[in-house]
Amino acid sequence: GENVEQHPSTLSVQEGDSAVIKCTYSDSASNYFPWYKQELGKGPQLIIDIRSNVGEKKDQRIAVTLNKTAKHFSLHITETQPEDSAVYFCAASRSSARQLTFGSGTQLTVLP
Amino acid sequence: GAVVSQHPSRVICKSGTSVKIECRSLDFQATTMFWYRQFPKQSLMLMATSNEGSKATYEQGVEKDKFLINHASLTLSTLTVTSAHPEDSSFYICSASTQGAGNQPQHFGDGTRLSIL
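A short tour of the structure in this document, coming up.

Definitions and limits used
- Residues numbered from 1 in each chain as written.
- Chains lettered and ligands numbered in written order.
- Predicted model: local features only at pLDDT ≥ 70, side-chain atom pairs only at ≥ 80, totals over all residues.
- Heavy atoms only, no water.
- Disulfide = S-S within 2.5 Å.
- Helix = DSSP H or I, 4+ residues; strand = E, 2+ residues; numbered from the N terminus.
- Buried < 20%, exposed > 50% of the residue type's maximum accessible area, 1.4 Å probe, protein only.
- Pairing = 2+ DSSP bridges.
- Axes fitted to C-alpha atoms, helices over the stretch in contact; angles between N-to-C directions.
- Salt bridge = Lys/Arg side-chain N within 4 Å of Asp/Glu carboxyl O.
- Phe/Tyr/Trp six-rings, centres within 6.5 Å; stacked < 30°, edge-to-face > 60°.
- Contact = heavy atoms within 4.5 Å.
- Buried area = accessible area lost by both parts, 1.4 Å probe.
- Polar contact = N/O pair within 3.5 Å; in protein donor to acceptor, adjacent residues only side chain to side chain.

1. A closer look at the state of the cysteines
Evaluated as defined, the whole model comprises 2 disulfides over all chains. Covalent S-S linkage joins C23(A) and C90(A), the inter-sulfur distance amounting to 1.9 Å. Its S-S torsion of about -100° marks the bond between C23(A) and C90(A) as left-handed, since a negative value means left-handed. Note that C23(A) is positioned in strand β3 (residues 19–25) and C90(A) in strand β9 (residues 86–92), a separation of 67 residues in sequence. At a sulfur-sulfur separation of 2.0 Å, the disulfide partner of C23(B) is C94(B). Because the torsion about its S-S bond is 80°, the bridge between C23(B) and C94(B) counts as right-handed. Note that C23(B) is positioned in strand β3 (residues 19–25) and C94(B) in strand β9 (residues 90–97), a separation of 71 residues in sequence. For the residue pair C23(B) and C94(B), the accessibility class agrees, reading buried in each case. Between C13(B), a cysteine without a disulfide, and C94(B), which holds the nearest cysteine sulfur, the sulfur-to-sulfur distance is 18 Å. With relative accessibility at 12%, the residue C13(B) sits in the buried group.

Rendered as structure tokens:
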């Protein structure tokens, strides 16, 4: 089955700096890679996703890059704000409608 | 759009009680719903996948007689934790998606915090 590894487990940045979280996956058939933000006591919220037919996708301050050959993908958050502080999870799947395999999560803290 | 509502948000009950958790897709038809379990400071672990009108598919190690899943309509799935014990205390989260042309992303409910005394 799929195995997703996520690094780092914790990340602290100063407000305004950039944050990068990296994930690797094992199943070469995976072609859908979403990122979720989870705030304390809440369910995960989809913030961006990418499919294997593109290498990069951007939405305002958030971008995701995908290297299918190396089987890794990354989340980039620019101009970080305190409200970006949360746990971020990457995931991989063979389809957006099929089961997701999650990474272990990254606790991002943005220091004011 | 794509709102998933989960109820209740928190349950505290005595050992031996059965607890039912509802997951509803409010503005779309969910052909597939997923149930996850999350322990503190850990990732989400898939428990089972349910398709409307058919039996749920459970992940290895998840007892189907312990965690009863019903997906009777395209907008509602329920998870019943039968005869719950303290080790069943956890955060249970559902997600919903729609298959077909333009597969939609999974959207998650806000979870149910289950505490068994």
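Once the structure has been displayed, the description carries forward.
2. Focus on the sheet that holds strand β7 (residues 67–73) of chain B
All names here are of chain B. Read from one edge to the other, the open sheet built from 4 strands follows the order β1-β3-β8-β7, with strand pairing classed as antiparallel. Two strands lie at the open edges of the sheet, namely β1 (4–7) and β7, each paired on one side alone. On average, each strand axis in the sheet is inclined to that of its neighbour by 15°, with strand direction left out of account. Relative to strand β8 (residues 76–81), β7 runs antiparallel, the two sharing 5 bridges. Paired with S73 across the bridge in β8 is L76.

3. Notes on the pattern of salt bridges
Evaluation of the coordinates by the stated rule reveals 6 salt bridges over all chains. The residue E39(A) makes a salt bridge to K37(A) at a minimum N-O spacing of 3.8 Å. Note that E22(B) is salt-bridged to R24(B), the shortest N-O span being 3.4 Å. On the accessibility criterion, R24(B) (35% relative accessible area) is partly exposed.

4. Regarding the packing of aromatic side chains
Residue and element names in this part refer to chain A. For the structure on display, the rule yields 11 aromatic pairs over all chains. With a centroid separation of 5.6 Å and an interplanar angle of 65°, the aromatic rings of W35 and F73 are classed as edge-to-face. Here the residue W35 occupies a position in strand β4 (residues 32–38), and F73 occupies one in strand β8 (residues 72–77), the gap between them amounting to 38 residues. Neither W35 nor F73 differs from the other in exposure class; each is buried.

5. Overview of the interface of chain A and chain B
Every contact between the two is made by 20 residues of chain A and, on the other side, 23 residues of chain B. Together, the buried faces of chain A and chain B total about 1500 Å²; carbon and sulfur atoms form 52% of this surface. Broken down residue by residue, the surface that chain A buries against chain B is led by A97(A), Q99(A) and F102(A), which jointly contribute 31%. Remark: the boundary between chain A and chain B carries 0 salt bridges. The tally of links from chain A across to chain B stands at 4 residue pairs in polar contact (both at pLDDT 80 or more).

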